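The lines below spell out each chain.
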Amino acid sequence: MSGPGSMASGAAAGSADGPADAARAPEQALFPPGFSVSEIKNKQRRHFMFLRWKQQQRKDKLANKRKRKKEREALGDKAPPKPVPKTIENQRVYDETTVDPNDEEVAFDESTDEFAPYFNRQTVPRILITTSDRPRGRTVRFCEQLSTIIPNSHVYYRRGLALKRIIPQCISRDFTDLIVINEDRKIPNGLVLSHLPDGPTAHFRMSSVRLRKEIKRKGKAPTEHQPEVILNNFTTRLGHSIGRMFASLFPHDPQFIGRQVATFHNQRDYIFFRFHRYIFKSEKKVGIQELGPRFTLKLRSLQKGTFDSKFGEYEWIHKTLLMWSCYCLAGKVG
């Protein structure tokens, strides 16, 4: 298939009267092979030739698809298997830290980590949701909607109180987790999740926040039923820990009669959160209806123990964040 340069050069040389004449003119490769559409200085002409090149690409792709289909029909059972398309996911390098669910070492770690009392049904989740100082309306509404999808959660506002003073109060009042929503320029941009009383603490960057009123074709407000929790692709050592943190926010026994499901989907190290309701159309067909809110998380650091920004020990930290910390430390030392 010819590139955009040859098509552009042939059409441009065919006629100078206008796009209609250029479309009827035969394509002639009068320009050197290295010529590209971007070298056409006239903006309108360049845009027209680019659209024409894209149209030719689509035609060639469709023609090749029909040709392959005819060849497969002619070969019948002798036709070779269809090639697997290349995607970002199937081209990723295998991660050596992927966890085997049947590994004895992993099972021992799960039975002795900080989340073991929850999975052994010894504790019931009780969540405190708070914000940064002086939150704006969008952050306040997001916290209120977040509390409606996490059962047994309570929203309190900081009023200038430091997190180091909030954590002991949460522990004394039998809270099992602390969620802090940070904002920048009136937009929620960060989430701190601390498991009480002994940690760990995860810091996420938050993006793509959509409140319920901003979601198209949304369903009615969530009910008070305990939702089902789905964790996708938390397969590595680090992902296993983060998945257990998210699971410990919700009661262990979902109420399926409510038909509500909270999904944490990990893809390319981004965690996408969606809150849906099942819609049973018939005995064999089922659909989903989004209730909201929705947001995307990116893990920045995982810290041992509760929140401590100065003397905390980190289990994992993002590379760019680590490089920035080293740069700042080198600046102070230098």
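Keep in mind the model is a prediction, meaning the values are calculated, not measured.

A.B. asks: Lay out the pairing of strand β9 (residues 286–290) in plain terms, naming residues and giving numbers.
C.D. replies: Pairing geometry for strand β8 (residues 270–280) and β9, over five bridges, is antiparallel. What sits directly across from Arg-277, in β9, is Gln-289. Taken together, β8 and the strand that follows it, β9, pair antiparallel across an intervening segment of five residues.

A.B. asks: Report on the packing of aromatic side chains, specifying residues and quantitative values.
C.D. replies: Across all of its chains, the model carries 10 aromatic pairs by this definition. Seen in terms of ring centroids, Phe-234 and Phe-246 are 6.3 Å apart; in terms of plane orientation they differ by 70°. Their pairing is edge-to-face. Taken together, the residues Phe-234 in the loop between β6 (228–232) and α8 (237–247) and Phe-246 in helix α8 connect sequence positions 12 residues apart. Both residues of the pair, Phe-234 and Phe-246, belong to the buried class. Considering the side-chain rings of Phe-273 and Phe-295, the 4.8 Å spacing of their centres and the 15° angle between planes classify their relative orientation as stacked. Pair noted here: Phe-273 is in strand β8 and Phe-295 is in strand β10 (residues 294–303), with a separation of 22 residues, a long-range link. Exposure class is identical for Phe-273 and Phe-295. Each is buried. Here the aromatic cluster, defined as three or more aromatic residues joined through ring pairs, consists of Phe-142, Phe-204, Phe-234, Phe-246, Phe-250, Phe-264, Phe-273 and Phe-295. We note Arg-126 situated over the ring of Phe-175; from NZ or CZ to the ring centre the distance is 4.2 Å. A cation over an aromatic ring shows up here: Lys-298 above the ring of Tyr-270, its NZ or CZ 4.6 Å from the ring centre.

A.B. asks: Report on the pattern of salt bridges, specifying residues and quantitative values.
C.D. replies: In this structure the tally under the stated criterion is 10 salt bridges. Ionic pairing is found between Arg-237 and Glu-105, a salt bridge with its closest N-O pair at 3.7 Å. Here Arg-237, found in helix α8, pairs with Glu-105, found in helix α4 (residues 104–112); they are 132 residues apart in sequence, far enough to count as distant. We classify Glu-105 as partly exposed; its relative accessible area is 48%. The salt bridge involving Glu-110 is made with Arg-244; its shortest N-O contact spans 3.8 Å. Of this pair, Glu-110 sits in helix α4 while Arg-244 sits in helix α8; the two residues are 134 residues apart in sequence, bridging distant segments of the chain. Given a relative accessible area of 25%, Glu-110 falls into the partly exposed group.

Cut-offs used in this document
- Residues numbered from 1 in each chain as written.
- Predicted model: local features only at pLDDT ≥ 70, side-chain atom pairs only at ≥ 80, totals over all residues.
- Heavy atoms only, no water.
- Pairing = 2+ DSSP bridges.
- Helix = DSSP H or I, 4+ residues; strand = E, 2+ residues; numbered from the N terminus.
- Phe/Tyr/Trp six-rings, centres within 6.5 Å; stacked < 30°, edge-to-face > 60°.
- Buried < 20%, exposed > 50% of the residue type's maximum accessible area, 1.4 Å probe, protein only.
- Lys NZ or Arg CZ within 6 Å of the ring centre and 35° of its normal.
- Salt bridge = Lys/Arg side-chain N within 4 Å of Asp/Glu carboxyl O.

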